[in-house]
Amino acid sequence: MARSLVTIDLAAIRHNARVLAERIAPAELWAVVKADGYGHGAGDVGGAALDGGASVLCVASVGEGIELRKALAQPRILVLGPTGDDELAHACDAALELVALDERVPEDVPVHVKLDTGMGRWGLSEFEVPGRSVVGVMTHLATADTDAGFAAWQLERFRQATEPYAERYVRHAAASAAALTIPESQLDAARCGIALYGIDPFGEDPARFGLRPALRWESEVAQVRRLAPGESTGYGRRFVATEETWIGIVPVGYADGFRRDLTGTNVVVDGRRAPVVGTISMDALAVRLEGPAEPGAVVTLVGDGVTLEEHARVADTIAYELACGIRAAPGRGRTRVIDG
Ligand SMILES: *Cc1c(COP(=O)(O)O)cnc(C)c1O
């Protein structure tokens, strides 16, 4: 057992891609694999998403696009974020498609013009008559997961600005939350990230959309301690035993992506839920056991019913942030890729 073992199931990615592609058809599914596939591995996830019916892969930067191109020679790759002037030639060599976020529209690569319809971030506020390299026009919704009314208003603005060009350019606006719940947002394509990984964009239960989590994270109980009343575990003595308490020490901490604000969340030890107690250290955390136990028990940090959505609620964040923070690289852990 590695001290930190992440397992990525490509069959789940393929399944989720199929579910999404069917749900949004005839709109195309574009798979978002930025941030190394939300921590799942961009190359493997990208391949599985294409197998499941995605037609384009999206990344955040030219650097990510170049890396992904090394793994996947064929697919269209769209860079969603800004491109520096010094990156243009490299983007061209790697056959990437780019997004124009302001008036500067690159010439020799396919370009998608981004309109800012209410996100207040990247994009043009007016749609100018675009240059000859333009193949698409897009926007991004600020509240698809929280305020359907504002999302509908943004979509209406986008529709009005781009209607005359509907035949000429591919139009795309939806990410996962909108693609799953706002049919009018699907247009010609939807750029889905989080749902592809089997994570609910609303932080609830992905099963309600037929999605399956693709990531499992395990470690083990490396040491078992008995605390007498008054004894504590970890920095700051944040957990002090009030009665005889059995504690398992797990060699995973915030440096591995198990954040400090996850104290109080549950993991699974030997098939049973167990709370994380005390301060999470850089390389270790403590779980409260039901009684005496031997070291070596498997600890499921994500999986066996414990979800990233659930951890995110405890940490007062979103599952996206937790997923891309998990690190199980050689030296500290291992990531293995399975298929089914
Ligand atoms: C990250 C991103 C997406 C994917 O969002 P999800 O909520 O993960 O589906 C779509 N479009 C843009 C522009 C993005 O930056």
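Residues numbered from 1 in each chain as written. Predicted model: local features only at pLDDT ≥ 70, side-chain atom pairs only at ≥ 80, totals over all residues. Heavy atoms only, no water.

Novice: Please provide a residue-by-residue account of the domain arrangement of the protein, values included.
Specialist: A common measure of how large an interface is: the accessible area buried when the components associate. With domains assigned, the protein is organised as domain 1 (10-197) and domain 2 (215-338). Put simply, the middle of domain 1 and the middle of domain 2, counted by C-alpha atoms, are 36 Å apart. With eight residues of domain 1 in contact, the opposing surface of domain 2 contributes six residues. For the pair domain 1 and domain 2, the summed buried surface comes to about 650 Å²; carbon and sulfur atoms form 68% of the total. The three residues of domain 1 that bury the most area against domain 2 are Y38, H40 and I194, which together make up 57% of that side's buried surface. Summed over the shared surface of domain 1 and domain 2, the result is zero salt bridges. On the surface where domain 1 and domain 2 come into contact, there are one residue pair in polar contact (both at pLDDT 80 or more). Secondary structure elements with two or more residues in the side of domain 1 that touches domain 2: α1 (10-24) and α2 (34-38). In the side of domain 1 that touches domain 2, the residues fall into five nonpolar, two polar and one charged. (Domains from an automatic or database assignment. Contact = heavy atoms within 4.5 Å. Buried area = accessible area lost by both parts, 1.4 Å probe. Salt bridge = Lys/Arg side-chain N within 4 Å of Asp/Glu carboxyl O. Polar contact = N/O pair within 3.5 Å; in protein donor to acceptor, adjacent residues only side chain to side chain. Helix = DSSP H or I, 4+ residues; strand = E, 2+ residues; numbered from the N terminus. Nonpolar A, V, L, I, M, F, W, Y, C, P; charged D, E, K, R; others polar.)

Novice: A description of the side chain of Q186 should follow, citing residues and the corresponding values.
Specialist: Tracing the chain through its elements places Q186 in the loop between α7 (176-181) and β9 (189-192). Given the relative accessible area of 11%, Q186 is considered buried. Of the polar contacts made by the side chain of Q186, one reaches the backbone oxygen of A179; its length is 3.0 Å. Those residues in contact with Q186 that sit more than four places away from it in its chain are R23, I24, A27 and A179. (Buried < 20%, exposed > 50% of the residue type's maximum accessible area, 1.4 Å probe, protein only.)

Novice: Which residues make up the side chain of T139, and what values go with them?
Specialist: Examined against the element boundaries, T139 turns out to sit in the loop between β7 (134-138) and α6 (148-162). Relative accessible area serves as the criterion here: at 0%, T139 is assigned to the buried category. Here T139 is in contact with L115, T117, F158, H172, A173 and R191, once residues within four sequence places are set aside.

Novice: Any details on the state of the cysteines? Residues and values, ideally.
Specialist: Summed over all chains, the structure comprises zero disulfides. Among the cysteines around C192, which has no disulfide bond, C58 carries the closest sulfur, lying 9.4 Å off. (Disulfide = S-S within 2.5 Å.)

Novice: Lay out the pattern of salt bridges in plain terms, naming residues and giving numbers.
Specialist: Taken as a whole, this structure holds 19 salt bridges when the rule is applied. The salt bridge partner of E97 is R76, with a shortest N-O separation of 2.7 Å. Of this pair, E97 sits in strand β5 (residues 96-100) while R76 sits in strand β4 (residues 76-79), placing them 21 residues apart in sequence. Of the charged contacts, one joins R332 and D283 as a salt bridge, the two residues approaching to 2.7 Å between their closest N and O atoms. With R332 in the loop between α9 (319-325) and β19 (334-338) and D283 in the loop between β16 (272-277) and β17 (285-289), this pair connects stretches of sequence that are 49 residues apart. Its relative accessible area of 31% is what places R332 among the partly exposed residues. Given the relative accessible area of 36%, D283 is considered partly exposed. Several salt bridges share partner residues, and in doing so they unite R3, D256, D283 and R332 into one network.

Novice: A description of the pairing of strand β3 (residues 56-59) should follow, citing residues and the corresponding values.
Specialist: Side chains of β3 alternate between two faces, with V56 and C58 and L57 and V59 buried alike. Bridging between β3 and β4 involves four bridges; their strand directions are parallel. Residue pairing for β4: V59 is matched across the bridge by V79. Crossover connection from β3 via helix α4 (residues 62-71) to parallel β4: handedness right-handed. (Pairing = 2+ DSSP bridges. Right-handed = clockwise from strand over helix to strand, strands pointing away.)

Novice: Can you tell me about the packing of α1 against helix α3 (residues 42-51), naming the residues and giving the values?
Specialist: Axis separation between α1 and α3 bottoms out at 7 Å; the angle between their running directions is 45°. With respect to α3, the axis of α1 lies oblique. In the crossing of α1 with α3, the sense of the turn from one axis to the other is right-handed. Across the interface between the two elements, L10, I13, R14 and A17 of α1 pack against D44, V45, A48, A49 and D51 of α3. Across the contact of α1 with α3, the residue classes tally to six nonpolar, no polar and three charged. (Axes fitted to C-alpha atoms, helices over the stretch in contact; angles between N-to-C directions. Parallel < 35°, antiparallel > 145°, perpendicular 65-115°, else oblique. Left-handed = near helix turned anticlockwise from the far one by under 90°.)

Novice: Got a sec to walk through the sheet that holds strand β6 (residues 111-114)? Specific residues and values, please.
Specialist: Strand order in the closed barrel formed by eight strands is β2-β3-β4-β5-β6-β7-β8-β9, and the pairing between neighbours is parallel. Averaged over all pairs of adjacent strands, the angle between strand axes in this sheet comes to 30°, irrespective of strand direction. Packing against the sheet, α1 makes contact with β2 (28-32) and β9, and its axis sits at approximately 140° to β2. Here α6 sits on the sheet in contact with β7 and β8 (170-174), set at roughly 170° to β8.

Novice: Describe the sheet that holds strand β11 (residues 223-227), with residues and values.
Specialist: With mixed pairing, nine strands are arranged side by side in an open sheet as β11-β14-β17-β16-β15-β18-β10-β1-β19. What marks the edges here is a single partner per strand, and that holds for β11 and β19. Shown here is a sheet whose adjacent strand axes are inclined to one another by a mean of 35°, direction ignored. Of the pairings in the sheet, the one linking β16 to β17 comprises two bridges and is antiparallel in character. By the bridge assignment for β17, V276 is matched with V287.

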